[in-house]
Amino acid sequence: QQQVKQSPQSLIVQKGGISIINCAYENTAFDYFPWYQQFPGKGPALLIAIRPDVSEKKEGRFTISFNKSAKQFSLHIMDSQPGDSATYFCAASKSWGSNYKLTFGKGTLLTVNP
Amino acid sequence: DAGITQSPRHKVTETGTPVTLRCHQTENHRYMYWYRQDPGHGLRLIHYSYGVKDTDKGEVSDGYSVSRSKTEDFLLTLESATSSQTSVYFCAISKGPGTGELFFGEGSRLTVL
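These numbers come from a predicted model, not from an experiment. (Residues numbered from 1 in each chain as written. Chains lettered and ligands numbered in written order. Predicted model: local features only at pLDDT ≥ 70, side-chain atom pairs only at ≥ 80, totals over all residues. Heavy atoms only, no water.)

> Is there a simple way to think about the pairing of strand β6 (residues 54–57) of chain B in this case?
Side-chain direction in a regular strand flips from residue to residue, so the side chains alternate between the two faces of the sheet. Relative to β6(B), strand β5 (residues 42–51) of chain B runs antiparallel, the two sharing four bridges. Along β6(B), the bridge assignment pairs Tyr48(B) with Asp56(B). (Pairing = 2+ DSSP bridges. Helix = DSSP H or I, 4+ residues; strand = E, 2+ residues; numbered from the N terminus.)

Next comes the structure, spelled out in structure tokens:
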């Protein structure tokens, strides 16, 4: 049972365009929804995260939109740059104190062409 | 720098041999995790630890065991490696309540021939 479904698998965007990656979850107990960015040969690193008490969170060019009733959340990258080319993972967890057992989506390979 | 060191970074081994991967942290955090990453599967939790000698299974724990005898070290052992365990293994730590952020090491690439 895949608890976090991510789409698309890959995405090609022109420089300056908007990149949109979508995720859907099944477990209504999840209360933390992060996005991780991974460059080749490196470990994933937190990009931005949201909790279900807000519908949108923006940090610079990156925005998470969250729809609790639909159990969906998405990452929008505005003014996409070649340096944004990486693999992006959505994730979800039920948090207990410091324990964050993240369930990840399968990832989206983003390529931003110059 | 998340203060996480994984070793070895690369290993090639043969089917049936035991393998141990080590994760070392320098910051004394309670929670540590082992994930594996495979194309088309994303990252999947193998085991995690919530303190010395306190561990629990993740979603893909079959064929793996872990140990944590010191706060700073979390070991992942494949008792008898199989080709299906060829993967990139990531260790991660949680730095405290409320942040929700996991900090990942740089990974250990394991190839089982």
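> When you look at the state of the cysteines in this model, what are you seeing that I'm missing?
Such a bond, covalent and formed between the sulfur atoms of two cysteines, is termed a disulfide. Residue and element names in this part refer to chain A. Per the stated rule, a full pass over the model turns up two disulfides over all chains. With its sulfur 1.8 Å from that of its partner, Cys 23 forms a disulfide with Cys 90. With the S-S bond torsion at -90 degrees, the cross-link from Cys 23 to Cys 90 turns out left-handed. Here the residue Cys 23 occupies a position in strand β3 (residues 19–25), and Cys 90 occupies one in strand β9 (residues 86–92), the gap between them amounting to 67 residues. Per residue, the accessibility class of Cys 23 equals that of Cys 90, and both read buried. (Disulfide = S-S within 2.5 Å. Buried < 20%, exposed > 50% of the residue type's maximum accessible area, 1.4 Å probe, protein only.)

> I would appreciate a short explanation of the interface of chain B and chain A in the present structure.
Listed by partner, the interface residues are 23 residues for chain B and 19 residues for chain A. Summing both partners gives a buried area of about 1,800 Å² for chain B against chain A, and 53% of it is carried by carbon and sulfur. Between the two partners, chain B and chain A, sit one salt bridge. Residue Lys42(A) is joined to Glu106(B) by a salt bridge in which the shortest nitrogen-to-oxygen separation is 3.2 Å. Our count for the contact surface shared by chain B and chain A stands at four residue pairs in polar contact (both at pLDDT 80 or more). Among the elements of the structure, β4 (31–38), β5, β9 (87–94) and β10 (102–104) of chain B are those that each provide at least two residues to the side of chain B that touches chain A. A per-class count over the side of chain B that touches chain A returns 10 nonpolar, 10 polar and three charged. (Contact = heavy atoms within 4.5 Å. Buried area = accessible area lost by both parts, 1.4 Å probe. Salt bridge = Lys/Arg side-chain N within 4 Å of Asp/Glu carboxyl O. Polar contact = N/O pair within 3.5 Å; in protein donor to acceptor, adjacent residues only side chain to side chain. Nonpolar A, V, L, I, M, F, W, Y, C, P; charged D, E, K, R; others polar.)

> What is the right way to look at the pattern of salt bridges in this model?
Two side chains carrying opposite charge are able to pair once their charged atoms lie near each other. The final tally for this structure, using the stated rule, is nine salt bridges over all chains. Note that Asp84(A) and Arg61(A) form a salt bridge whose closest N and O atoms lie 2.8 Å from each other. Within this pair, whereas Asp84(A) is found in the loop between β8 (72–77) and β9, its partner Arg61(A) is found in the loop between β6 (56–59) and β7 (62–67), the two being separated by 23 residues in sequence. Since its relative accessible area comes to 27%, Arg61(A) is described here as partly exposed. Close ionic contact of Arg36(B) with Asp38(B) constitutes a salt bridge, the shortest N to O distance being 2.8 Å.

> Is there a simple way to explain the sheet that holds strand β7 (residues 64–70) of chain B in this structure?
Residues and elements named next belong to chain B. Reading across the sheet, the four strands line up as β1-β3-β8-β7 and stay open at both edges, with antiparallel pairing between neighbours. In this open sheet, the two edge strands, each paired with only one partner strand, are β1 (4–7) and β7. Going across the sheet, the axis of each strand differs from the next one's by a mean of 20 degrees, ignoring polarity. Sheet topology note: the strand β3 (residues 19–25)/strand β8 (residues 73–78) ladder contains six bridges and is antiparallel. Across the sheet, Val 19 pairs through a bridge with Leu 78, a residue of β8. (Axes fitted to C-alpha atoms, helices over the stretch in contact; angles between N-to-C directions.)

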